[in-house]
Amino acid sequence: MEKINIENIEKLIINDCLELQNEHLKMMDIETAELIKKKHRGQLMVKLNPDEILFFEWLKENDFAVWNDLWEDTLSDNYIISIDFLPYLIKYKNGFPICDLLNNDNYYFVPIHLKGAEIEMLSDTLQIRLKNKESLTPAQLLLIEISLHPIDIWHFAFRHKLPIETVKIAVHQLVEDGSIVHFTDAEHLANFIDV
């Protein structure tokens with residue numbers, strides 16, 4: 001498959017919607033995503049790729065309240081999002097960020113939410129354990145992911161095949177330990193979203 005660029009993107013546009021397959025996201029770099037966003041802002045939407053749709057179908061079954069908070073007022077079966085999120089999907093490869101829930105607590109974290117000078121050293125130690133295939137607790141694994149890139153607990157739980165409640169307990173442990181800051185309100189999280 002050829003690399004996706006600003007010139008060949010037109011063939012992926014159907015009814016003012018950019019329809020990307022999983023492979024398309026792998027074949028696009030962040031600079032191209034930014035150019036597409038700039039050129040098509042206000043004119044084009046993006047349909048989530050099949051892997052991300054699979055995630056949201058899992059979310060619908062495992063945490064309907066959160067799924068409903070995100071998709072209630074939309075054509076939910078279509079999973080259409082703003083073109084503004086395209087670079088985010090490419091840059092972090094963590095899917096569409098769940099970070100602006102209004103009726104549920106948000107569980108979205110970025111590296112700056114880590115607390116304490118020892119966090120970097122702890123994260124390095126945990127990454128070595130992970131590389132050596134040593135077992136990690138959900139809290140330790142979540143700490144590593146937060147240190148590397150923005151993540152919400154639902155994508156984290158789905159990727160690692162963990163119950164959502166287990167991950168919420170891990171967040172609570174990390175907050176209690178003073179390892180992370182947890183902003184549950186979408187208004188507070190808006191300052192940490194890079195869109």
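Everything quoted here is computed from the prediction, not taken from an experiment.

Draft legend 1. View of the sheet that holds strand β1 (residues 13-14). Read from one edge of the open sheet, four strands run β1-β2-β3-β4, paired in mixed fashion. Two strands lie at the open edges of the sheet, namely β1 and β4 (80-82), each paired on one side alone. Summarising the sheet, strand β3 (residues 45-47) and β4 pair through three bridges and their orientation is antiparallel. Within β4, the residue paired with Val46 across the bridge is Ile81.

Draft legend 2. Spatial organisation of the side chain of His155. By secondary structure assignment, the location of His155 is in helix α8 (residues 153-160). One polar contact links His155 to Glu52, side chain to side chain, over a distance of 2.6 Å. Of note is the side chain of His155, whose polar atom sits 2.7 Å from the side chain of Asp152.

Draft legend 3. Region of interest: unusual backbone geometry. Here Asp16, not a glycine, exhibits a phi torsion of approximately 60°, which is positive. Mapped onto the elements of the fold, Asp16 is located in the loop between β1 and β2 (17-19). Given a relative accessible area of 55%, Asp16 falls into the exposed group. Although it is not a glycine, Tyr79 sits at a positive phi angle of roughly 50°. By secondary structure assignment, the location of Tyr79 is in the loop between α4 (64-71) and β4.

Conventions adopted
- Residues numbered from 1 in each chain as written.
- Predicted model: local features only at pLDDT ≥ 70, side-chain atom pairs only at ≥ 80, totals over all residues.
- Heavy atoms only, no water.
- Pairing = 2+ DSSP bridges.
- Helix = DSSP H or I, 4+ residues; strand = E, 2+ residues; numbered from the N terminus.
- Polar contact = N/O pair within 3.5 Å; in protein donor to acceptor, adjacent residues only side chain to side chain.
- Buried < 20%, exposed > 50% of the residue type's maximum accessible area, 1.4 Å probe, protein only.

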